[in-house]
Amino acid sequence: MQQENGQAPKPWRNRPYHRLWLTGQARTLFDTFQFASVNPLGGFYELDDDGQPIKDENGSGTRNLHATSRLIFSFCVAKALGHPGADEVIDHGMDYLWSGHRDPENGGYFWGVGDDGPVDPSKQAYGHAFVLLAAASAKRVGHPDADRLLADIVPLLKERFWEERHGAVAEEFTANWQPLGAPYRGQNSNMHLTEALMAGYEATGDETLLRMAESIADLLIRRITGANDWRLPEHFNENWELDLAYKGSEMFRPAGSTPGHWLEWSRLLAQLWVAGSRRHDWMMEAASTLFHNAVRDGWDPEYGGFFYTVGFDGRPLNTEKMWWPACEGIGAAAFLHDLTGDAFFEDWYQRIWNFTTAHVLERPNGRWIPQIDRELEVNTSLFSGQPDIYHSLQACLIPLFPAKGSLLDCALAEANAG
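Predicted, not measured: the structure shown is a model, and the values here were computed from it.

Novice: Would you mind going over the nonpolar core with me for this structure?
Specialist: The tendency in soluble globular proteins is for nonpolar side chains to be buried as a group. Core analysis: the largest hydrophobic core is formed by 132 residues, its most contacted members being Phe-75, Trp-265, Leu-269, Trp-353 and Trp-368. With eleven residues, the top contributor of residues to this core is helix H4 (residues 125-140). Contact partners of Trp-265, with chain neighbours within four places excluded, come to Gln-187, Met-191, Thr-194, Ile-216, Ala-217, Leu-220, Ile-221, Leu-232 and Leu-290.

See the structure below:
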């Protein structure tokens with residue numbers, strides 16, 4: 001970080017202009033999704049490049065469980081901040097989780113739902129993690145249906161997904177809870193469950209949820225990633241043995257390792273360290289190592305931006321750049337700098353924002369371009385339109401708060417201060 005007037009400059013997130021700029025970006029996201037996303041038939045539309053609802057020949061399109069849940073979470077943050085109209089979006093999403101996604105016959109939540117019922121009736125750990133995040137967030141902002149949802153999702157996760165012998169969750173089941181496909185265990189669903197379990201702990205004070213989060217982190221990061229040169233493996237068999245040859249959905253389960261997840265875990269580990277009364281020192285060491293390795297292996301030294309995937313030799317596999325790893329890098333850099341004061345993280349915070357404003361934020365409408373190729377041209381091979389605001393919103397708001405808990409927890413603490 002360059003010196004200003006002979007002394008270290010204030011971090012960007014502590015400068016009044018930058019804080020106003022971040023707030024403005026968040027407000028643009030809220031304003032875009034608040035009205036255009038709400039589907040009068042239930043759930044939320046996906047949005048196109050112009051922020052208009054995407055409809056298909058069969059009607060309103062498929063509502064995916066993670067997208068429904070993440071918009072609920074996002075507008076719980078909006079409510080905590082005092083954004084007018086957030087309540088209506090939360091109400092709409094909470095109603096659809098229960099009446100649209102929830103399986104009243106077998107329990108659990110369908111992954112994909114259309115106007116006439118389930119389109120993909122599978123029960124995915126990834127999606128159920130976000131249901132817990134939505135339920136915990138709704139409870140924090142006082143939604144009347146939050147306790148009902150929590151009472152449904154927490155036992156479900158423990159009884160249907162959690163595998164105590166491994167200290168993590170199984171991946172996926174059919175609608176009637178039979179194993180689905182070849183035995184598979186994935187880090188992505190467990191990573192997001194770690195986030196949701198911390199939110200559940202903040203909402204309920206249930207220590208078992210915190211212990212589950214710590215168990216997942218211990219398995220995936222301390223033991224598995226630590227034994228693999230601190231490059232995070234993604235794919236495993238049912239015994240949590242690495243499957244380095246695995247290649248599934250390029251969107252959710254790409255081959256190789258995903259530096260964006262290293263960055264995401266970097267922040268989550270630091271948050272988990274704080275939530276657990278700072279008793280697990282390995283978490284902060286691992287958080288710092290994952291961040292350093294992500295910018296070493298994942299950042300394109302020629303064009304900038306994070307490669308989508310790399311191999312276990314650190315070389316790029318998929319050189320596309322998605323919006324969400326940049327978002328996670330911003331949040332992690334802000335969180336780690338606040339906890340450590342290390343200028344390395346502030347340098348990267350500024351570098352990632354500079355790249356993002358130049359190549360990801362589209363002017364003048366403030367759209368986040370979801371995918372560009374290595375040479376920074378817009379591409380739509382995996383993502384198009386305007387994906388839900390879960391990642392981009394956190395990039396804008398995490399830097400505004402001290403590293404003392406989740407984004408929602410910090411926003412509520414500020415709202416209730418004094």
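Resuming the write-up.
Novice: Got a minute to help me understand the sheet that holds strand E2 (residues 112-114) in this structure?
Specialist: The strands making up a sheet associate through hydrogen bonds between their backbones, and the pairing can be parallel or antiparallel. The three strands are arranged E1-E2-E3 in an open sheet whose pairing can be described as antiparallel. Strand pairing shows two members of the sheet lacking a second neighbour, strand E1 (63-64) and strand E3 (117-120), which therefore form its edges. Of the strand pairs in this sheet, E1 and E2 are connected by two bridges, and their pairing is antiparallel. Within the sheet, the bridge partner assigned to Asn-64 lies in E2 and is Gly-112.

Novice: Where do I start with the packing of aromatic side chains in this structure?
Specialist: Two numbers describe a pair of aromatic rings. These are the distance of the centres and the angle of the planes. A complete count under the given rule lists 22 aromatic pairs for this structure. Aromatic pair Tyr-126 and Phe-130: ring centres 5.2 Å apart, planes at 70 degrees, arrangement edge-to-face. Pair noted here: Tyr-126 and Phe-130 are both in helix H4, with a separation of four residues, about one helical turn. Take Tyr-126 and Phe-130: they sit in the same class, and that class is buried. Consider the rings of Tyr-126 and Phe-252, whose centres lie 5.5 Å apart with planes at 70 degrees: the pair is edge-to-face. Here Tyr-126, found in helix H4, pairs with Phe-252, found in the loop between strand E9 (235-236) and helix H8 (259-275); they are 126 residues apart in sequence, far enough to count as distant. Aromatic ring contacts, followed pair by pair, group Phe-73, Trp-111, Tyr-126, Phe-130, Phe-252 and Tyr-390 into a single cluster. Looking at Arg-70, its charged tip hangs above the ring of Phe-130, at a distance of 5.0 Å from the centre. Looking at Arg-102, its charged tip hangs above the ring of Trp-98, at a distance of 4.0 Å from the centre.

What counts as what
Numbers given to residues run from 1 along each chain, matching the order in which its sequence is written. It should be noted that, the model being predicted, local features are given only for residues of pLDDT at least 70 and side-chain atom pairs only at 80 or more, the latter also being counted only at that level, while totals for whole chains, interfaces and linings use all residues. For side-chain calculations, the full set of non-hydrogen atoms in the structure is used, while hydrogens and water are omitted. The definition of a nonpolar core used throughout is a set of buried Ala, Val, Leu, Ile, Met, Phe, Trp, Tyr and Cys residues joined through side-chain atoms within 4.5 Å. Per-residue accessibility, obtained with a 1.4 Å probe over protein chains only, is compared with the maximum for each type, and a residue is labelled buried under 20%, exposed over 50%, and partly exposed between these values. Here a strand is any run of E in DSSP of at least two residues, a helix any run of H or I of at least four, and the numbering for each starts at the N terminus. Here, residues are in contact when the closest pair of their heavy atoms is within 4.5 Å. Here, strands pair whenever DSSP counts at least two bridges between them. Aromatic rings from Phe, Tyr and Trp, with only the six-membered ring used for Trp, were paired whenever their centres fell within 6.5 Å, and each pair was classed as stacked if the ring planes differed by under 30 degrees, edge-to-face if by over 60, and tilted otherwise. The criterion for a charge sitting over a ring is simple: Lys NZ or Arg CZ within 6 Å of the ring centre, and within 35 degrees of the ring normal.

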